[in-house]
Amino acid sequence: MICVTLGRTRHKMVIAEHRALAEQGARLVELRLDWLKRMPEIHRLLDERPTPVIVTCRRRQETGKWRGDEDQRLALLRQAIVSGADYVDVETDVAEQVPRYGDTKRIISYHNFKETPDDLEDIFADMQRLDGDYLKLATMANTPEDNVRMLRLVSEADVPTIGFCMGELGIPSRILCGKYGSPWTYATFSSDRVLAPGQLSFEEMRDVYHYDEIDAETRVFGVLGDPVGHSYSPLLHNAAFRHEGLNCVYLPLRVPRDVLLSTLKEFEALEIEGYSVTIPHKEHVLEYAPYLHETVTDCGAANTLYRNEQGKWFATNTDYPAALQALRRGLELLHPDDADLDSKKVLLLGAGGVAKAIGLGVIRAGAGLTVANRTNKRGKELAGQLNCQHVNWENRGSVLADVLINCTPVGMYPNMEETPFPQHWLRDGMLVFDTIYNPENTLLLKQAREHECYTISGLEMFVLQAAEQFDCFVRRPAPVEVMRETLRQGISPVRLN
Ligand code: NAP
């Protein structure tokens, strides 16, 4: 179950929002009394409540907003119990001052906004002596491994225990706690009002992660990167799993560069079956996989890690075939009878990981390749590795190319008024491939269409690389059209993460 945390400054707004949440399907709502500007009127909030509620009033030390004195706060919690609140949240140190009464269930809670302490198990043992119906632990994750420790504690608990880590690094535990027996997780009522670090919105928890369907059998996948907050992969893969009726969940796994290998080792305890791999781990991850696909050996980088039939980790690179597939589809539009790359002149902008992978594919397909990069030295180095032409960034407009491929982030959200290739350099009838997928229609592609060029968006490449990963993860073809539509709908210029 998802418990939606609701904090508003006026009673009227709390009541209206609570009703709206019930209409959206919320089954448990936490009323944060500390958010109210005036003295909370318990009866007003509880009479005619549309769902069961947890009454909570957080002090400043737990980053709450309560400004009154402690006696008043405890009196409010006692009043909530006498008024028949379904649950009351009492912090460990005051649990004995707010006694049990009637049918109200007691949640004994422990918060630590600094860390997931080493003595978590001792703290938990002490909490068990405080007459709780439920125990709640919310601690800050400072390493990805903290998720593992917390989830282990939840799975071994004899008392119903809600346990998760806070902060961006703790997001996996917020989504996975149900798999390990947590009776519910917490989500915020609005993505604009995050009431605790790392908290996801009710909408996201329900519609992207399908939290209520996660159980002990759920298979786990995720994207490894730093940052990963901006990634559309969870949206895409979760939609595909759902469409195919698979009991699987895909998580954003923020893993700092220096702890990748130790984290992968720790994550073995969570039995994660497959990863998408993004910046900055695409090269380093090869050290974890005993088996490498030839695309990986070619590019020196992987974007996918999954277990092969023998249960061993296998690394592959689905960016590479996806880009070539997208390019071929574009060429079919350009020359239906001659969709091969072998006779084409290609100008590649950029010299990073994606440029290297695509450049290699283009060369292998027999095209004539020229590389241009903002840092000319790096562009020259890539041209040397690929054994192809190089042109200085300033002179990129002088290349007479049939195909232009942008592998730089120029024109990406939020800098959508930028283009890596001024309009007057575009030639009628060229094929222009922009690997950027947010926005789908970059300025480069818009201007290319004005020149009657054929265009391919990075969205196509992104969908195809994810579809190929899906196939590796669950060994069945991906619902590509569903993924394409999901990404299209998910990408919006106002999306910030
Ligand atoms: P990367 O390794 O960081 O390389 C970035 C490249 O862009 C470098 O060559 C860099 O030049 C150049 N660059 C950065 N800022 C620039 C600017 N302001 N002006 C001109 N050039 C600039 O990144 P990557 O992993 O190769 O990714 C590159 C792009 O590919 C991403 O931004 C993304 O839009 C796209 N991408 C698409 C997909 C997909 O599936 N569609 C997947 C991954 C990536 P310097 O050498 O001078 O720094």
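Residues numbered from 1 in each chain as written. Predicted model: local features only at pLDDT ≥ 70, side-chain atom pairs only at ≥ 80, totals over all residues. Heavy atoms only, no water.

**Student:** How do you make sense of the domain arrangement of the protein when you look at a structure like this?
**Tutor:** Where interface size is given, it is often the accessible area lost as the parts come together that is meant. Split into domains, the protein comes out as domain 1 (2-216), domain 2 (238-316 + 475-490) and domain 3 (320-456). One C-alpha centre belongs to domain 2, the other to domain 3; they are set 27 Å apart. Counting residues at the interface gives 5 residues for domain 2, matched by 7 residues for domain 3. Approximately 590 Å² of surface area, both sides summed, lies buried where domain 2 meets domain 3, with 55% of it carried by carbon and sulfur atoms. (Domains from an automatic or database assignment. Contact = heavy atoms within 4.5 Å. Buried area = accessible area lost by both parts, 1.4 Å probe.)

**Student:** Where do I start with helix 9 (residues 260-267) in this structure?
**Tutor:** Owing to its 3.6 residues per turn, the α-helix brings residues three or four apart onto one side. For helix 9, every residue scored as buried is listed here: L260, T263, L264 and F267. Seen along its axis, helix 9 keeps its buried residues to an arc of 100°; they face one direction. The inward-facing, buried residues of helix 9 contact helix 5 (145-156), strand 9 (219-225), strand 10 (248-254), strand 11 (272-277) and strand 13 (304-307). (Buried < 20%, exposed > 50% of the residue type's maximum accessible area, 1.4 Å probe, protein only. Helix = DSSP H or I, 4+ residues; strand = E, 2+ residues; numbered from the N terminus. Arc of directions from axis to C-beta.)

**Student:** What is the right way to look at unusual backbone geometry in this model?
**Tutor:** Glycine aside, the phi torsion of most residues is negative, and most peptide linkages are trans. Going from D226 to P227, the amide bond is cis rather than trans, its omega being 10°. In this fold, P227 is placed in the loop between strand 9 and helix 8 (233-243). Residue P280 is reached from I279 by a cis peptide bond, and omega for that bond is 5°. Along the chain, the position of P280 falls in the loop between strand 11 and strand 12 (291-292). Phi angles above zero are rare outside glycine, and E48 is one such case at about 60°. Within the secondary structure, E48 sits in the loop between helix 2 (42-46) and strand 3 (53-56).

**Student:** Whenever I open this one, the pairing of strand 19 (residues 431-434) confuses me. Can you help?
**Tutor:** On a regular strand, one side chain projects to one face of the sheet and the next to the other, so that they alternate. Because side chains alternate across strand 19, one face comprises the buried residues L431 and F433, and the other comprises V432 and D434, equally buried. Taken together, the 4 bridges between strand 18 (residues 403-406) and strand 19 define a ladder with parallel strand orientation. From the neighbouring strand, I405 faces strand 19, where its bridge partner is F433. In this region the chain leaves strand 19, passes through helix 14 (residues 443-450) and returns to the parallel neighbour strand 20 (residues 454-457); the handedness of that crossover is right-handed. (Pairing = 2+ DSSP bridges. Right-handed = clockwise from strand over helix to strand, strands pointing away.)

**Student:** Explain the pattern of salt bridges to me, please; I cannot follow it from the model alone.
**Tutor:** Two side chains carrying opposite charge are able to pair once their charged atoms lie near each other. Taken as a whole and assessed by the stated rule, the structure comprises 33 salt bridges. Residues R149 and D146 are paired through a salt bridge, measuring 3.4 Å at the closest nitrogen-oxygen approach. You can see R149 and its partner D146 sitting in helix 5, 3 residues apart, about one turn around the helix. When sorted by exposure, R149 lands in the same class as D146, which is buried. Here R329 and E460 are joined by a salt bridge, their closest N and O atoms 2.8 Å apart. With R329 in helix 11 (residues 319-334) and E460 in helix 15 (residues 458-474), this residue pair connects regions lying 131 residues apart in the sequence. (Salt bridge = Lys/Arg side-chain N within 4 Å of Asp/Glu carboxyl O.)

**Student:** Got a minute to help me understand the site of the ligand in this structure?
**Tutor:** Surrounding the ligand, one finds 22 residues, the nearest of these being A351, N373, T375, R378 and T435. Backbone polar atom of V354 to an oxygen atom of the ligand: 2.9 Å apart, as the coordinates give it. Within the backbone of F462, an N or O atom sits 3.4 Å from an oxygen atom of the ligand. Expressed as a share of its isolated accessible area of 920 Å², the protein-covered part of the ligand is 78%. Breaking the shell around the ligand down by element, the ones donating at least two residues are helix 12 (353-364) and helix 15. The element contributing the most residues to the shell around the ligand is helix 15, with 3 residues. For the shell around the ligand, the residue count by class is 12 nonpolar, 8 polar and 2 charged. (Near = heavy atom within 4 Å. Polar contact = N/O pair within 3.5 Å; in protein donor to acceptor, adjacent residues only side chain to side chain. Areas by Shrake-Rupley, 256 points an atom, 1.4 Å probe, with all protein chains shown as cover. Nonpolar A, V, L, I, M, F, W, Y, C, P; charged D, E, K, R; others polar.)

**Student:** Would you take a moment to explain the sheet that holds strand 4 (residues 87-91) for this structure?
**Tutor:** Note on sheets: strands pair through backbone hydrogen bonds, and any given pair is parallel or antiparallel. With respect to topology, 8 strands assemble into an open sheet ordered 7-6-5-4-3-2-1-8, the strand pairing being parallel. On the outer flanks of this sheet lie strand 7 (161-166) and strand 8 (185-188), each paired with one strand and no other. In this sheet, adjacent strand axes meet at a mean angle of 25° when their direction is disregarded. Inspection of the sheet shows strand 1 (residues 2-6) paired to strand 2 (residues 28-32) by 4 bridges, in the parallel sense. (Axes fitted to C-alpha atoms, helices over the stretch in contact; angles between N-to-C directions.)

**Student:** Looking at this structure, I do not really get a negative patch on the surface. What am I missing?
**Tutor:** A cluster of like negative charges, contributed by E115, D118, D119, E121, D122 and E156, occupies part of the molecular surface. As for its position among the elements, E121 is in helix 4 (residues 120-127). (Patch = residues over 30% accessible without salt bridge, like charges linked within 9 Å, V, L, I, M, F, W, Y side chains within 5 Å. Lys, Arg positive; Asp, Glu negative; His and termini not counted. Charge placed at Lys NZ, Arg CZ, Asp CG, Glu CD.)

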